[in-house]
Amino acid sequence: MPESAPLHNWAGNIGFSPARFEAPATLDEARAVVAGAGRLRVLGSGHSFNTIAASDDVMLSLAGMEPFAELDILKGTVRAAGWLTYAALSAAVHRAGFALHNMASLPHISVAGSIATGTHGSGDRNGNLGSAVAAVEFIGPDGELRTVRRGEEDFAGSVVHLGALGVVHSVTLDLLSAFEMRQYVYDGLGLDAVLAHFDELTGAAYSTSLFTPWGADPEFQFWVKQRTADQTHPFPPSNRYGAPLADGPRHPVPGVDPQACTVQQGQTGPWHERLPHFKPEFTPSSGDELQSEYLIDRADATAALEALAGIGERIAPVLRICEVRTMAADGLWLSPAYGRDTVGLHFTWIGDHGAVAPVTAVLEAALEPFAPRPHWGKLFSIPMNEVRSRYPRMDDFVQLRARVDPEEKFVNAFSAPIFAAPES
Ligand SMILES: Cc1cc2nc3c(=O)[nH]c(=O)nc-3n(C[C@H](O)[C@H](O)[C@H](O)COP(=O)(O)OP(=O)(O)OC[C@H]3O[C@@H](n4cnc5c(N)ncnc54)[C@H](O)[C@@H]3O)c2cc1C
């Protein structure tokens, strides 16, 4: 194994011990590695919190290959190397006068790895990152290249694929024209206001987030990311439902220096420097942490928040911060937002799995009435057969996977129970 091989994920809670770690320098080398491997998984930027990227046989990193981002100005698309980070891609796209429709909280993650797990940002009308995909180019199990394009039969199953359909060489994404944004934070929004005005709050701007540490009497930070073109008034309201505009920059995690965060307080800037919460040159979030996230039907949002408030004192001691975001429904079979406008209930925990696990069990029990779909790249203990049942097109995906990879080269211990035949 090369000395530079990453032996653990970003959070450090998952160690990787593959039989071989391969880091090819060219596409031809990558194709040969894939063709010759018994079982193989790609490691993207390693930001998942579970074993979704792990393999006990071959792990492959494409990060040493020459990156590319090819614009098609006539179609308004970019064909990007799967291993590019969103930081690199968004800067290149912006320089050319274009924009991505949305970004996750951090730009450090790889394009292919993010899309594979259904990674999302926020915004009532913004689909998750995969909703911008127009085509995916895979290296198949035999090392041959195969492109699946929007409109083709397998497309809706091939975008959010959990790494199980091959090695993504490139992803083609739809672009918007570049736009400018302003970001504001409000402090101290009460739970009653959130419950009474949830739709007004999340609909108040292009992208919004609510952050709370829960506890006995929870208060929320309300982050508002507006496109300047949508701003009808020169100034934002100085107060929303009793919560004043913050008097300085904020970090979502209490006590952490806000210098890691994108610029707030209404200063105009390009979309890719406002949509993520964190700047690419800093450690995102807190660094010493675990994460879980549960995606529920938007119609259940306020009932689920009330359920969380009921266990607020139980979760607060091991919680760094909870974030509530929204996303538009999509038609991607394994997307957590498949078929329903969705609310994401995200939890950044302290980095102590022993202390966190009993609390996530309480949390999952509280959310059970809402049949949440757990984020594929984060920690959860909902049984896989339950998770399966929450995806109406799961059987179609299982058949697609078996057709594309009959020898199960891209199946690993994490994904095998998802693709196993249901127990009768
Ligand atoms: C601090 C932090 C903040 C986060 N914020 C958000 C957020 O705002 N929204 C959100 O939804 N998620 C968020 N996440 C979760 C993160 O977006 C996902 O875990 C995402 O999958 C990470 O991408 P990655 O490139 O690191 O993928 P990895 O973790 O490396 O891999 C994820 C999966 O993709 C597969 N894969 C990777 N590259 C390829 C490829 N080229 N071809 C085929 N398969 C591939 C892997 O095999 C694996 O199955 C956050 C994570 C962290 C650590």
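Per chain, residues are indexed from 1 in the order of the written sequence. This being a predicted model, a pLDDT of at least 70 is required before a residue's local features are given, and a value of 80 or more before pairs of side-chain atoms are given or counted; all residues contribute to the totals for chains, interfaces and linings. Heavy atoms from the whole structure form the basis of all side-chain values; hydrogens and water molecules are not counted.

1. Here's the deal with the pattern of salt bridges
We define a salt bridge as a side-chain nitrogen of Lys or Arg found within 4 Å of a carboxyl oxygen belonging to Asp or Glu. Counted according to the given criterion, the structure contains 22 salt bridges. With its nearest N and O atoms 3.7 Å apart, the salt bridge here joins Arg 401 to Asp 405. In this structure, a network of salt bridges that share partners links the residues Glu 293, Glu 323, Arg 325 and Lys 378.

2. Here's the deal with the sheet that holds strand β8 (residues 145-149)
Across the sheet, which stays open at both edges, the five strands sit in the order β4-β5-β9-β7-β8 with antiparallel pairing between neighbours. For this open sheet the edge positions go to β4 (69-72) and β8, each flanked by a neighbour on one side alone. Within the sheet, the average angular offset between the axes of one strand and its neighbour, ignoring direction, is 15°. Where strand β5 (residues 77-81) lies against strand β9 (residues 167-174), five bridges are found, and the strand directions are antiparallel. The rule for pairing is simple: two strands pair if DSSP sees at least two bridges between them. Under the scheme used here, helices are H or I runs from DSSP no shorter than 4 residues and strands are E runs no shorter than 2 residues, and both carry numbers assigned from the N terminus. Helix axes are fitted only over the stretch in contact, all axes being lines through C-alpha atoms; the angle between N-to-C directions runs from 0 to 180 degrees.

3. Looking at the nonpolar core
We call a set of buried residues a nonpolar core when its members are Ala, Val, Leu, Ile, Met, Phe, Trp, Tyr or Cys and they connect through side-chain atoms within 4.5 Å of each other. Partly exposed describes any residue whose relative accessible area lies between the buried limit of under 20% and the exposed limit of over 50%, with all areas from a 1.4 Å probe on protein chains only and scaled to the type maximum. Core analysis: the biggest nonpolar cluster contains 120 residues, and Leu 173, Trp 214, Leu 345, Phe 347, Trp 349 and Trp 376 have the highest contact counts within it. Any two residues whose heavy atoms approach within 4.5 Å are treated as being in contact. Each residue touching Trp 376, except ones within four places of it in the same chain, is listed here: Asn 50, Ile 52, Thr 117, Val 160, Leu 162, Leu 334, Pro 336, Val 387, Tyr 391, Met 394, Phe 414 and Ile 418. Membership of the second largest hydrophobic core comes to seven residues, among which are Ile 14, Ala 53, Ala 54 and Met 59.

4. So, the pairing of β8
Sheet topology note: the strand β7 (residues 133-139)/β8 ladder contains five bridges and is antiparallel. Its bridge partner lying in β8, Phe 138 is registered against Arg 146. Counting the residues in the hairpin turn of β7 and β8 gives five residues, including Gly 143, whose phi is positive at 85°.

5. Here we look at the packing of aromatic side chains
Aromatic pairs are defined between Phe, Tyr and Trp rings, using the six-membered ring for Trp, whenever the two ring centres lie within 6.5 Å; interplanar angles under 30 degrees are classed as stacked, those over 60 as edge-to-face, and all others as tilted. A complete count under the given rule lists twelve aromatic pairs for this structure. A ring pair is formed by Phe 68 and Trp 83, whose centres lie 5.8 Å apart and whose planes are at 85°; its orientation type is edge-to-face. Pair noted here: Phe 68 is in the loop between β3 (58-60) and β4 and Trp 83 is in the loop between β5 and α2 (86-95), with a separation of 15 residues, a long-range link. Of the two residues, Phe 68 and Trp 83, neither departs from the other in class, the shared state being buried. Within the aromatic cluster, the residues linked to one another by ring pairs are Phe 179, Tyr 206 and Trp 271. A cation sits over an aromatic face here: Arg 227 above Phe 179, 4.2 Å from the ring centre. Throughout this description, the term charge over a ring refers to an Arg CZ or Lys NZ atom that lies within 6 Å of the ring centre and within 35 degrees of the ring normal. Arg 373 extends its terminal NZ or CZ atom over the ring of Tyr 391, reaching a point 5.0 Å from the ring centre.

6. Quick word on the sheet that holds strand β1 (residues 20-22)
Ordered in space as β1-β3-β2, the three strands form an open sheet in which the pairing is parallel. A strand with exactly one partner marks an edge of an open sheet, and here the two such strands are β1 and β2 (40-42). Within the sheet, the average angular offset between the axes of one strand and its neighbour, ignoring direction, is 20°. Note that β2 and β3 share three bridges and pair parallel. Bridged to Arg 41 within β3 is Met 59. Together, β1, β2 and β3 form the strand contacts of helix α1 (residues 27-36), whose direction differs from that of β3 by roughly 160°.

Purely geometric stuff here, so don't read any function into it on its own.
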